[in-house]
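Listed here are the chains, written in short residue letters.
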Amino acid sequence: MSFITKLRENNPLIHNITNIVVTNFTANGLLALGASPFMADAHEEVADVAAMSGAVLINIGTLNDHAIKAMLLAGQSANKHGVPVVLDPVGAGATAYRTEVTHRLVSELKITALRGNVAEVANVIGEKWSIKGVDAGAGDGDHVEVAQKAAKKLGCIAIVTGKEDIITDGNKTYIAANGHPILTKVTGTGCLLSSVVAAFLAVAGDSPLEAAAEALSFYGVAAEIAAAKTAEQGPGSFQIELLNQLSLLTPEEYGKLSRIREV
Ligand code: ATP
Ligand code: TZP
Ligand code: MG
Ligand code: MG
């Protein structure tokens, strides 16, 4: 059975501590996919919410000290209860504050999967890579090498996204080639993707790497179909159609269009 089928059958609860830009889009994207979003960041309840969830998503997009404490409390509770944790280090490397906070999160929490653009993932493991705000900057390093290094250093699944997506645990590496450039013209498509990875990890069982790889490929296929359907319009229509396709894309159609390979 594919992970998407399991996800839609199980409707996992996904705890999101995310940024104010993408909160609504993320909740709607998870609902469309077949998961159940729960946005909660009060210090009084985050440990309880994490413990009852299928996975926890930590996204540092609009970081502040309140959010950091919420992330640590939720992450510790998730670790204690065996709940997978996904970290999206939005803008790591853009400011010292963001870089230092990601270093603290990966040292104090057991992260199941780290998902970011190449600059963010490089900066999380202490490597310099230029970044422009929250968008990947220029840089000519090897993306596969950065992902594998991050996975080995942190003992987690590392996912580096861009034109092609790299999903690795440091030993086994997949490249997912689906997707469309228009994804970069809608804010929050990376953030939603990280929550989608969390939803797949919630139903991954013993195969988190394969579930993460399917998450990347499934999202890329949904984006390709949405881009084709809205080719005559613009990013606004694409954003809505992406939500539609996350809901409508069948495992069979996904299987036909998925372009994923092991390297
Ligand atoms: P950034 O801020 O650098 O845009 P992000 O966090 O938004 O990073 P992306 O790397 O843009 O994340 O990845 C989000 C989605 O967009 C992924 O599914 C990825 O495959 C897709 N994507 C990004 N760039 C391209 C591209 N040039 N062609 C096809 N798909 C892309
Ligand atoms: N500013 C802070 S968080 C954020 C912006 C624009 C959203 C970033 O979303 P994504 O998915 O990384 O493009
Ligand atoms: Mg983006
Ligand atoms: Mg991002």
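Cut-off values and rules
- Residues numbered from 1 in each chain as written.
- Chains lettered and ligands numbered in written order.
- Predicted model: local features only at pLDDT ≥ 70, side-chain atom pairs only at ≥ 80, totals over all residues.
- Heavy atoms only, no water.
- Near = heavy atom within 4 Å.
- Polar contact = N/O pair within 3.5 Å; in protein donor to acceptor, adjacent residues only side chain to side chain.
- Helix = DSSP H or I, 4+ residues; strand = E, 2+ residues; numbered from the N terminus.
- UniProt positions renumbered as here; feature names shortened; annotations may be inferred.
- Contact = heavy atoms within 4.5 Å.
- Areas by Shrake-Rupley, 256 points an atom, 1.4 Å probe, with all protein chains shown as cover.
- Nonpolar A, V, L, I, M, F, W, Y, C, P; charged D, E, K, R; others polar.
- Phe/Tyr/Trp six-rings, centres within 6.5 Å; stacked < 30°, edge-to-face > 60°.
- Buried < 20%, exposed > 50% of the residue type's maximum accessible area, 1.4 Å probe, protein only.
- Salt bridge = Lys/Arg side-chain N within 4 Å of Asp/Glu carboxyl O.

Draft legend 1. Main features of the site of ligand 1. Within the structure, ligand 1 sits among 17 residues, and Val134, Asp135, Ala136, Thr161 and Asp165 are positioned closest to it. At a separation of 3.0 Å, an oxygen atom of ligand 1 approaches a polar side-chain atom of Asn117. Looking at the shell around ligand 1, the elements that each hand over two or more residues are strand 5 (113–117), strand 7 (135–136) and helix 8 (189–202).

Draft legend 2. Fine view of the UniProt feature "binding site: substrate" (unreviewed entry) in the protein. Look at the UniProt record and you will see "binding site: substrate" (unreviewed entry) annotated at Met39 and Gly188. Not counting chain neighbours up to four residues away, the residues in contact with Met39 comprise Asn16, Thr18, Thr23, Thr26 and Ala27. Take Gly188: it is sitting in the loop between strand 10 (173–176) and helix 8. With sequence-adjacent residues up to four places away left out, Gly188 is seen in contact with Val22 and Phe25.

Draft legend 3. Main features of the site of ligand 2. Lining the immediate environment of ligand 2, one finds Asn19, Val21, Gly61, Val134, Thr187, Gly188, Thr189, Gly190 and Cys191. A distance of 3.5 Å is found between an oxygen atom of ligand 2 and a backbone nitrogen or oxygen belonging to Thr189. The backbone of Gly190 places a nitrogen or oxygen atom 2.9 Å from an oxygen atom of ligand 2. Relative to its free-state accessible area of 370 Å², ligand 2 is covered by the protein chains to the extent of 77%. Here the residues of the shell around ligand 2 sort into three nonpolar, six polar and no charged.

Draft legend 4. The arrangement of the packing of aromatic side chains in detail. Tallied over the entire structure, the rule returns two aromatic pairs. Relative to Phe218, the ring of Phe200 lies with its centre 6.2 Å away and its plane at 50°, an arrangement referred to as tilted. With Phe200 in helix 8 and Phe218 in helix 9 (residues 208–229), this residue pair connects regions lying 18 residues apart in the sequence. With a relative accessible area of 0%, Phe218 lands in the buried category. Aromatic side chains Phe218 and Tyr254 sit 5.4 Å apart centroid to centroid with 55° between the ring planes, which places their arrangement in the tilted category. Here Phe218 is found in helix 9, whereas its partner Tyr254 is found in helix 11 (residues 251–257), with 36 residues between them in sequence. Through a chain of ring-to-ring contacts, three or more aromatic side chains come together here, namely Phe200, Phe218 and Tyr254.

Draft legend 5. Summary view of the pattern of salt bridges. Applying the stated criterion across every chain yields a total of seven salt bridges. Measuring nitrogen to oxygen at the nearest pair gives 3.3 Å for the salt bridge that ties Glu210 to Lys172. Of this pair, Glu210 sits in helix 9 while Lys172 sits in the loop between strand 9 (165–168) and strand 10, placing them 38 residues apart in sequence. The class for Glu210 is partly exposed, based on a relative accessible area of 27%.

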